[in-house]
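What follows is the residue order along each chain.
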Amino acid sequence: VGFRSTILDPVVTQTQPKSVTATAGYDAISHAVESFVTSCRTPISDIFARDAWQLLNSNFERVLEKSTDLNARGAMLLGAHEAGIAIAQSMLGATHACANPLTVMYGTTHAVAISVMLPHVVRWNGRVVGNRYADLLRASGRTATTNSAGDLLATRLEELARLGGLPGTLRDINAVKGDFSALAENAATQWTGTFNPRPFDAKAALDLYERAY
């Protein structure tokens, strides 16, 4: 059964540039991953975030390789929609808190900033929500222990970013280490950081920027 509908029609996305497919898709992936582990997650957000991750993780590469694959594009649209529902229930976390200051200071496209920060935040959060990340990995057919899940999920997220031609480090977006303190102070004021499963403040943000460099 295809994913076409009058609301989510993948046909209209076929002509968008590959870079737009990559950035929009990766941003949706980040919504699924972050909303699944926030401190205010709910049973409803779990359902939508988990299903969104399954759809997005399994179809991201397909839409990049073949823009005319309407089932894959429909699955991405549905996954992005479900991830948005999850956000409405459970909010986001430290990835978005760290990404926003990068956009402000350097004009970095939002999803590009997300692609740089998300794997590092997942590894950093893994010590407190490894069981949740293991759940996501199981949903996509991968096995992980609570202790290894953060690293394994982060590695998968790095792989997806590479497939989309997205930057992997702060150096790639010409970030300057001398700006990290100011970036961290800004990140600590972002409302999304208050919902991160691991306590997040300026010190934590500085650590994450240094990891991402």
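Residues numbered from 1 in each chain as written. Predicted model: local features only at pLDDT ≥ 70, side-chain atom pairs only at ≥ 80, totals over all residues. Heavy atoms only, no water.

## Considerations on the overall build of the chain
Within the chain one finds 8 helices and 0 strands. Counting from the amino terminus, the chain carries its helices and strands in the arrangement α-α-α-α-α-α-α-α. Taken against the 2.2 N^0.38 rule, which gives 17 Å for 213 residues, the C-alpha radius of gyration of the chain at 16 Å falls within 12% of a compact globule. If you line up the chain on its principal axes, its C-alpha atoms span 50 × 35 × 30 Å. By the burial criterion, 52% of the 213 residues in the chain qualify as buried. Nonlocal contacts in the chain, meaning residues at least 24 apart in sequence, comprise 76% of its contacts between residues at least 6 apart. Carbon and sulfur atoms form 53% of the exposed surface of the chain, whose accessible area is close to 9,400 Å². Mean positive and mean negative side-chain charge positions of the chain (19 and 19 charges, respectively) differ by 4 Å. (Helix = DSSP H or I, 4+ residues; strand = E, 2+ residues; numbered from the N terminus. Rg over C-alpha atoms; globule rule 2.2 N^0.38 Å. Buried < 20%, exposed > 50% of the residue type's maximum accessible area, 1.4 Å probe, protein only. Contact = heavy atoms within 4.5 Å. Areas by Shrake-Rupley, 256 points an atom, 1.4 Å probe, with all protein chains shown as cover. Lys, Arg positive; Asp, Glu negative; His and termini not counted. Charge placed at Lys NZ, Arg CZ, Asp CG, Glu CD.)

## A closer look at the packing of helix 4 (residues 94-106) against helix 8 (residues 202-212)
Two numbers describe how helix 4 lies on helix 8: the axes approach to 11 Å, and their chain directions differ by 75 degrees. Considering the angle they form, helix 4 stands roughly perpendicular to helix 8. Contacts between helix 4 and helix 8 involve A94, A97, C98, P101 and L102 from the former and A205, L208 and Y209 from the latter. Per-class residue counts for the contact of helix 4 with helix 8 are 8 nonpolar, no polar and no charged. (Axes fitted to C-alpha atoms, helices over the stretch in contact; angles between N-to-C directions. Parallel < 35°, antiparallel > 145°, perpendicular 65-115°, else oblique. Nonpolar A, V, L, I, M, F, W, Y, C, P; charged D, E, K, R; others polar.)

## Remarks on the confidence of the model for the chain
Confidence in the prediction for the chain averages 94 pLDDT; 95% of positions are at 70 or higher. Note on residues 1-7: pLDDT is under 50 here. Beyond four places in sequence and across chains, it has 12 contacts. (pLDDT = per-residue confidence, 0-100.)

## Some words on the packing of aromatic side chains
Overall, the coordinates contain 3 aromatic pairs when judged by the stated rule. Taken together, a centroid distance of 5.6 Å and an interplanar angle of 75 degrees make the contact between F180 and Y213 edge-to-face. Taken together, the residues span a long stretch of sequence, with F180 in helix 7 (residues 180-187) and Y213 in the segment after helix 8 at a distance of 33 residues. F180 sits in the buried class, given a relative accessible area of 2%. Ring centres of W191 and F195 lie 5.9 Å apart, and the angle between their planes is 80 degrees; on these two criteria the pair is classed as edge-to-face. In textbook terms, an aromatic cluster arises when at least three aromatic residues are bridged by ring pairs, as seen for F180, Y209 and Y213. Positioned over the ring face of F36 is R132, at 4.1 Å from the centre of the ring. Note that R171 overlies the ring of Y213, its terminal NZ or CZ placed 5.2 Å from the centroid. (Phe/Tyr/Trp six-rings, centres within 6.5 Å; stacked < 30°, edge-to-face > 60°. Lys NZ or Arg CZ within 6 Å of the ring centre and 35° of its normal.)

## Regarding the nonpolar core
Of all hydrophobic cores here, the largest spans 60 residues; its most connected members are V33, W53, L157, L170, F200 and Y209. Breaking this core down by element, the ones donating at least two residues are helix 1 (18-35), helix 2 (43-65), helix 3 (70-90), helix 4, helix 5 (110-139), helix 6 (149-163), helix 7 and helix 8. Filtering out sequence-adjacent residues up to four positions away, Y209 remains in contact with A97, C98, P101, L102, M117, L170, F180, L183, A184 and A187. (Core = buried A, V, L, I, M, F, W, Y, C linked by side-chain atoms within 4.5 Å.)

## Some words on the pattern of salt bridges
Applying the stated criterion across every chain, the model contains 7 salt bridges. Of the charged contacts in the structure, one is a salt bridge between D46 and R132, with a shortest N-O distance of 2.5 Å. Pair noted here: D46 is in helix 2 and R132 is in helix 5, with a separation of 86 residues, a long-range link. No difference in accessibility class separates D46 from R132, as the two residues are buried. D151 is paired through a salt bridge with R123; the nearest N and O atoms lie 3.4 Å apart. Of the two residues, D151 is situated in helix 6 and R123 in helix 5; the sequence distance between them amounts to 28 residues. Salt bridges sharing common partners tie together R123, D151 and E158. (Salt bridge = Lys/Arg side-chain N within 4 Å of Asp/Glu carboxyl O.)

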